[in-house]
Amino acid sequence: MSTPHESAAAGVAHRGVGRTLADSTPHWPAALKRPAGAPNILLVLFDDVGFSDFGCYGSSIRTPAIDALAARGLRYTGFHTTAMCSTTRAALLTGRNHHAVGVGCLANFDSGFPGYRGKISHSAGTLAEMLRPHGWRNYMVGKWHVVPLTQSGPAGPFDGWPLGRGFDRYYGFMDAETDQYAPELVRDNTHIDPPGTFESSYHLSVDLVDQSIRMLAEHQADDPEAPWLLWLAFGACHAPHQAPRDLILGYDAQFAHGWDVERAERLARQKALGLVPADTALPPRNDGVAAWATLGADEKRVFTRLQSAYAAMLTHADQQLARLLQFLESSGMADDTLVLVLSDNGASQEGGVAGFVNAMGPYNLRREDMAEKLARIEDIGGPGTHTNFPHGWAMAANTPLKRYKQNTHGGGIRDPLVLAWPKGIAARGELRRGFCHARDLLPTLLDICHVTAPETVAGVPQQPITGQSLHATLADPQAPGRTEPQVFEMFGHRGLWSDGWKAVAYHAPGTPFEADRWELYHLEQDFAENHDLAAAEPERLAQLKALWWREAEANQVLPLDDRFGARFAENAQRAQGDRTRFVFHAGMGHLPSDVAPDLRSRSYRIEADVQIPPDGAEGVLLAHGDATSGYSLYLQDGYLLHDLNVGGVHQLLRSDTPVPAGRRRLALRMQLGPLKLSPPIPGHGQVVVPESRQASLWIDGACVGQAPCRFGFTTLISWSGLDLGRDRGSPVSHYAAPFAFTGTLRSVTVELEKQQPLDGHGIGQAEMARQ
């Protein structure tokens, strides 16, 4: 049973500003002026961008807009995040440790433990909720990903959506990632169609900045004296890496020298820029990364192009940021605006050792070998791909740090942070070297805005803010950053920083935590974590380990849970419970993937109730997914067709006879055979799979075609959602979107049989790539 607060907080928005009925906090009267000295705030959050990827942090990737901000502001070299995207967002929004606010891991699952609910607790108010009573108007654009995706559907609940957490307007996507040419978009509390297509030169990064400019232009037109917060969270550079082709091709020559040379060149630039100490050395290559010189010519060509797509995506986003910054200049708002640019975690390891052109196949047990990658090299970065780069390039992105996103070594948690504010930061191009954390930014912003954190938000008593203000560092290069300990944990990987020292342990899933080997680094003298002092200073290490346990207990980190695939599989099976029947009526809009029928590893039936006019009909009856993976039931040239698209392999079935005019029941049945243990599959091991999959088409109860399907949905269907009577974006099958149905579609019913065991490891790998 929900509490009165929870019931009220899920209330509907009213008066067009996204407030809930529970939000009884008084709002700043429109007639009052900006608090003295208080700035507008533009927070620009990049996704999966490594420590060295901005030009001003040593990269050769072109980021002139970010570099210009750094030249007239500050760069922080000791800024740390949480190793994952949902978790860093939770810390940034609330000023607390992410476990303490209920987002200990991903928003994609709820483990039931207080630190692992996948949703920010209402006892942890957000920056927007704290600024709103003092006059700020709050605008959220881009990636959200701090609410369980099973709560991201058209029925909510909406209390964890941006408008339920203090933002007045929202335009973006709820999930961890989305196709940049056919995104899963939400405006305020409603799923909407993208305003363009790849063919019309649409790209999400452009759209997000267009919407940002619109919100600020309308703000300026309506109430120019009111301060504002704009939280702009790009999809870049999370997979799929998609960008204009000319930018991608322009990077090929630049990266042909490979990741080993790139790392060395970046480190040299970092030393020249003063970002790292002059004696910093590169750590050995991360486990499993080959020397570039040992690769074959085909591998080098493909891997170079995959890196070029990543770099182009970052440059393209920087170009859009330049437009937004120019708008602030031309509108007269730049001097009064504090700009923060940062990344949410280190560069991603989810591309594996060889990267992907379309990751959706391998996630469903369909291998993508090097020959296939090479054959599709010109598709990389375009529509119909789900591109990600290999470990070697992610390692280079994190130069000079070890490991990657997900890990608590530097490569996972040390990130770029740029601050610029013409009226408030006199320093130009300076560095700040102290340790600081994502949770420290909220109290910093409250200090700058002269706002005291409230004791209650919407009637809910608040947790203490545990971040420490960095306000003094804006003017004083000697001011300390964070002085209190910082605990880290992600998937059992652990770490703790205290007084310049760091204890860290890499954890292999499924092994005893007692067996983890703790390492000890003096970060003030060892930027890249090269010199493990655990053997030399056992007493210090023991003290830090003991402090880790105390901080873990205080911040809801416990119990430790390294069940990787199992947590994803359990959440998937729990989300829809015993529901086995879905009825979609005409007039329904878009359904995100996590609330659509879960067809993975089970038999099922899809039946459409339609009226076919005398001259026939065509179009989609039901489609879930996109060109990279999904399924579609549709009519074309008078026949009923079904396409089971697994990683771009189209398993088409066409009815033997045309569909007659009149009211008809058109159905697809998928029947799975008995289970067997598969041979070893790269990246999955041995998996329980059905011996067979048999698809059949039916008209009015009569079978009109059947065929076996080699591949099916074992791990995921798609990260794109479901549509009734059309296929709105990137088309699943061989037709031009949206291919709307031209007859009368009354309803579609989906009936599911009992689910077979899910491949938990595979689901975990796919979900991690999603983060």
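Residues numbered from 1 in each chain as written. Predicted model: local features only at pLDDT ≥ 70, side-chain atom pairs only at ≥ 80, totals over all residues. Heavy atoms only, no water.

**Quick look at the overall build of the protein**
Each helix and strand in the protein was counted, giving 16 helices and 31 strands. Expected size for 771 residues packed as a compact globule is a radius of gyration near 28 Å; at 26 Å, the protein falls within 12% of this value. Based on the C-alpha atoms only, the size of the protein along its principal axes is roughly 80 × 65 × 50 Å. In the protein, the proportion of contacts linking residues at least 24 apart, taken out of those at least 6 apart, comes to 75%. Of the roughly 26400 Å² that the protein leaves accessible, carbon and sulfur atoms contribute 53%. Charge-centre separation for the protein: the mean point of 69 positive side chains lies 1 Å from the mean point of 85 negative side chains. (Helix = DSSP H or I, 4+ residues; strand = E, 2+ residues; numbered from the N terminus. Rg over C-alpha atoms; globule rule 2.2 N^0.38 Å. Contact = heavy atoms within 4.5 Å. Areas by Shrake-Rupley, 256 points an atom, 1.4 Å probe, with all protein chains shown as cover. Lys, Arg positive; Asp, Glu negative; His and termini not counted. Charge placed at Lys NZ, Arg CZ, Asp CG, Glu CD.)

**Some points on the pattern of salt bridges**
Summed over the entire model, instances satisfying the criterion amount to 45 salt bridges. In this structure, the salt-bridge partner of Arg728 is Asp193, at a minimum N-O distance of 3.2 Å. Here Asp193 lies in the loop between strand E7 (190–192) and helix H5 (204–222) and Arg728 lies in the loop between strand E30 (722–724) and strand E31 (744–752), a separation of 535 residues in the sequence. Here Arg432 makes a salt bridge to Glu430, at a shortest N to O gap of 2.9 Å. Among the residues examined, Arg432 registers a relative accessible area of 2% and is labelled buried. If you follow the salt bridges from partner to partner, you end up with Glu184, Asp193, Asp723, Arg726 and Arg728 in one network. (Salt bridge = Lys/Arg side-chain N within 4 Å of Asp/Glu carboxyl O. Buried < 20%, exposed > 50% of the residue type's maximum accessible area, 1.4 Å probe, protein only.)

**Quick notes on the sheet that holds strand E21 (residues 619–626)**
Sheet architecture is open: 5 strands sit in the order E24-E23-E22-E21-E30, paired in antiparallel fashion. The open sheet is flanked by strand E24 (649–654) and E30, the only strands paired with a single partner. This sheet shows a mean twist of 10° between the axes of neighbouring strands, independent of strand direction. Across 6 bridges, the pairing between strand E23 (residues 639–646) and E24 is antiparallel. Counterpart to Asp643 in the pairing with E24 is Leu652. (Pairing = 2+ DSSP bridges. Axes fitted to C-alpha atoms, helices over the stretch in contact; angles between N-to-C directions.)

**Some points on the environment of Ala667**
In this structure, Ala667 sits in strand E25 (residues 662–672). A relative accessible area of 2% means that Ala667 is categorised as buried. Discounting residues that sit within four places of it in the chain, Ala667 has contacts with Ile606, Glu607, Leu640, Ser696, Leu697 and Trp698.

**Brief notes about H5**
Between its first and last C-alpha atoms H5 spans 27 Å; for 19 residues at 1.5 Å apiece the expected length is 27 Å, and the two agree. Taken together, the buried positions of H5 are Leu204, Ser205, Asp207, Leu208, Val209, Gln211, Ser212, Ile213, Met215, Leu216 and His219. Looking at the buried side of H5, the elements it contacts are strand E4 (137–143), strand E5 (169–173), strand E6 (185–187), strand E8 (228–233) and helix H8 (297–330). (Expected span 1.5 Å × (residues − 1).)

**What about the state of the cysteines?**
Applying the stated criterion across every chain yields a total of 0 disulfides. Cys436 takes part in no disulfide bond, and the closest cysteine sulfur, belonging to Cys56, lies 15 Å away. Cys709 supplies the cysteine sulfur nearest to Cys703, a cysteine that is in no disulfide, at a spacing of 13 Å. (Disulfide = S-S within 2.5 Å.)

**What to know about the confidence of the model for the protein**
Chain-level statistics for the protein give a pLDDT mean of 92 and a share of 92% at 70 or above. Note that pLDDT drops below 50 for residues 1–32; the model gives that stretch 49 contacts with residues more than four away or on any other chain. (pLDDT = per-residue confidence, 0-100.)

**Observations concerning the side chain of Gln468**
Topologically, Gln468 is positioned in the loop between strand E14 (460–461) and strand E15 (486–490). The class for Gln468 is buried, based on a relative accessible area of 16%. Ignoring any residue separated from it by four or fewer positions in sequence, one finds Gln468 in contact with Asp440, Pro443, Thr444, Arg482, Thr483 and Glu484.

**Things to note about the packing of aromatic side chains**
Applying the stated rule across the entire model yields 25 aromatic pairs. Between Phe46 and Phe54, the aromatic rings sit 5.6 Å apart at their centres with planes inclined by 70°, giving edge-to-face as the arrangement. Judged by relative accessible area, which is 0%, Phe54 ranks as buried. An angle of 85° between the planes, with centres 6.0 Å apart, marks the rings of Trp144 and Phe167 as edge-to-face. Separated by 23 residues along the polypeptide, Trp144 in the loop between E4 and E5 and Phe167 in the loop between E4 and E5 bring together distant segments of the chain. Phe167 shares its class with Trp144; the two are buried. Three or more aromatic residues joined by ring pairs make a cluster, and in this case those are Phe46, Phe51, Phe54, Tyr57, Phe234 and Phe527. Residue placement shows Arg414 over the ring face of Phe527; its charged tip is 3.8 Å from the ring centre. One cation-aromatic arrangement involves Arg669 over Trp698; the distance from NZ or CZ to the ring centre is 3.9 Å. (Phe/Tyr/Trp six-rings, centres within 6.5 Å; stacked < 30°, edge-to-face > 60°. Lys NZ or Arg CZ within 6 Å of the ring centre and 35° of its normal.)

**Focus: the pairing of E15**
Burial within E15 is extensive, with 5 of its 5 residues counted as buried. Sheet topology places E15 next to strand E16 (residues 493–498); 5 bridges connect them, and they run antiparallel. The residue bridging Val487 from the neighbouring strand is Leu496, located in E16. Here E15 folds back onto E16 in antiparallel fashion, the turn holding 2 residues, of which Phe491 has a positive phi close to 55°.

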